[in-house]
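Observations on chain architecture
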Amino acid sequence: MRDLYIYYQVKEEHAQALEARVRAMQGKLAASSGVAPQLKRRPEAQDGLQTWMEIYPVVGEGFTGQLEAASDEAGLLALTAGARHVEAFMDLPPCA
């Protein structure tokens, strides 16, 4: 199992429309996969751009493909300023 972190930028004038699309997409993903997504953004904007992050904790191997299909269906790239960057992290085992 792993956690996915997706970060990207959005122009401030597109933020409200993008938020609606991301939240709708995350709602569908939560219903179909049981994952508990989060949506965050940096508090400050720079040069009219906000940095956002979607977090999908404890997902299985097939979830990345499901997420890609869902983001394509939601048309997220039409409202982002550049690409969505996906990073995967896993827990380290505890010390003995």
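Details of the structure are given in the entry above.
Quantities reported herein were computed from a predicted structural model and do not represent experimental measurements.

A few words on the overall build of the protein chain. From N to C terminus, the protein chain includes two helices and four strands. Order of helices (α) and strands (β) in the protein chain, N terminus to C terminus: β-α-β-β-α-β. Judged by the C-alpha coordinates and their principal axes, the protein chain covers about 50 × 30 × 20 Å. A buried classification covers 30% of the 96 residues belonging to the protein chain. Sequence separation of 24 or more characterises 74% of the internal contacts of the protein chain that already satisfy a separation of 6 or more. On the protein chain, roughly 6100 Å² of surface is accessible, and the fraction owed to carbon and sulfur atoms is 54%. In the protein chain, which carries 9 positive and 13 negative side-chain charges, the distance between the mean positions of the two groups comes to 4 Å.

Here we come to the packing of helix H1 (residues 15-33) against helix H2 (residues 63-74). Put simply, H1 and H2 touch, their axes get as near as 10 Å, and they point 145 degrees apart. Here H1 and H2 pass one another in a crossing that is right-handed. The residues of H2 that touch H1, namely those facing Arg21, Met25, Lys28, Leu29, Ser32 and Ser33, are Phe63, Gln66, Leu67, Ala70, Ser71, Glu73 and Ala74.

On to the sheet that holds strand S3 (residues 49-59), then. Spatially, the four strands line up as an open sheet ordered S2-S3-S1-S4, and their pairing is antiparallel. In the strand order of this sheet, the two ends are held by strand S2 (38-41) and strand S4 (85-89), each with one partner. Geometrically, the sheet is characterised by an average inter-axis angle of 20 degrees between neighbouring strands, direction not taken into account. When strand S1 (residues 2-11) meets S4, the two strands line up antiparallel, connected through five bridges. Directly across from Ile6, in S4, lies its bridge partner Val86.

Before going further, it helps to spend a moment on the pattern of salt bridges. Taken as a whole, this structure holds four salt bridges when the rule is applied. Of the charged contacts in the structure, one is a salt bridge between Glu61 and Arg2, with a shortest N-O distance of 3.9 Å. Of this pair, Glu61 sits in the loop between S3 and H2 while Arg2 sits in strand S1; the two residues are 59 residues apart in sequence, bridging distant segments of the chain. For Glu61, a relative accessible area of 65% corresponds to the exposed category. Between Lys28 and Glu73 there is a salt bridge, and its shortest N-O distance comes to 3.8 Å.

Conventions adopted
Residues numbered from 1 in each chain as written. Predicted model: local features only at pLDDT ≥ 70, side-chain atom pairs only at ≥ 80, totals over all residues. Heavy atoms only, no water. Helix = DSSP H or I, 4+ residues; strand = E, 2+ residues; numbered from the N terminus. Buried < 20%, exposed > 50% of the residue type's maximum accessible area, 1.4 Å probe, protein only. Contact = heavy atoms within 4.5 Å. Areas by Shrake-Rupley, 256 points an atom, 1.4 Å probe, with all protein chains shown as cover. Lys, Arg positive; Asp, Glu negative; His and termini not counted. Charge placed at Lys NZ, Arg CZ, Asp CG, Glu CD. Axes fitted to C-alpha atoms, helices over the stretch in contact; angles between N-to-C directions. Left-handed = near helix turned anticlockwise from the far one by under 90°. Pairing = 2+ DSSP bridges. Salt bridge = Lys/Arg side-chain N within 4 Å of Asp/Glu carboxyl O.

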